[in-house]
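The lines below spell out each chain.
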Amino acid sequence: MAHRKRETTTVPDKTCAVCGRRIEWRKKWERDWDSVKYCSDACRADARRAPEHDLEGEIGRLLDARARDSSICPSDVARAVAPDDWRPLMEPVRRAARRLVARGEVEITQGGSVVDPSTAKGPIRIRRPRT
């Protein structure tokens, strides 16, 4: 019995508007893929809360204040924004960094190597892209 090769279409990469992770294509989104903005219901709910764009600006300011080839830690950004209560800001800073990666403004590294921000776990560093 011969098997037919399944036709596949190329689906463009999308990143979540809130967390910056890669959105995985789903068959049920086939008709309205162009309008999909969020990777999950949790991100859709977070989008209704206060925006985190000030974190993106703080990442840019801290990187601008350092040498072109240096990097920053997400905790540096969190401490700059809220010195006394910075720990709750760690995940929002990581989300902001992922959004900046999606726009090509920064890179996320681990151990000096650029990593995929959607799958990076553990300590990360944020730096400007190397040219």
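It should be noted that the structure appears before, not after, this text.
These figures come from a predicted structure and were not determined experimentally.

K.L.:
Looking at this structure, how should I read helix α3 (residues 74–81)?
P.N.:
Side chains three or four residues apart in an α-helix point the same way, a direct result of the helix having 3.6 residues per turn. For α3, the full list of buried residues reads Pro74, Ser75, Val77 and Ala78. Projected down its long axis, α3 shows its buried positions confined to an angular sector of 155 degrees, all on one face.

K.L.:
Teacher, can you tell me more about the pattern of salt bridges here?
P.N.:
Pairing between side chains becomes possible if they bear opposite charge and their charged atoms approach one another. With the rule as written, the count across this model stands at 10 salt bridges. Taking the shortest distance from any N to any O, the salt bridge between Asp116 and Arg22 comes out at 3.0 Å. With Asp116 in the loop between β3 (113–114) and β4 (125–127) and Arg22 in the segment before α1 (41–47), the pair connects residues that are 94 residues apart, well separated along the chain. A residue is classified by how much of its surface remains accessible, and Arg22, at 35% relative accessible area, is partly exposed.

Here is what the cut-offs are and how they apply
Residues numbered from 1 in each chain as written. Predicted model: local features only at pLDDT ≥ 70, side-chain atom pairs only at ≥ 80, totals over all residues. Heavy atoms only, no water. Buried < 20%, exposed > 50% of the residue type's maximum accessible area, 1.4 Å probe, protein only. Helix = DSSP H or I, 4+ residues; strand = E, 2+ residues; numbered from the N terminus. Arc of directions from axis to C-beta. Salt bridge = Lys/Arg side-chain N within 4 Å of Asp/Glu carboxyl O.

Read these as spatial facts, not as claims about activity.
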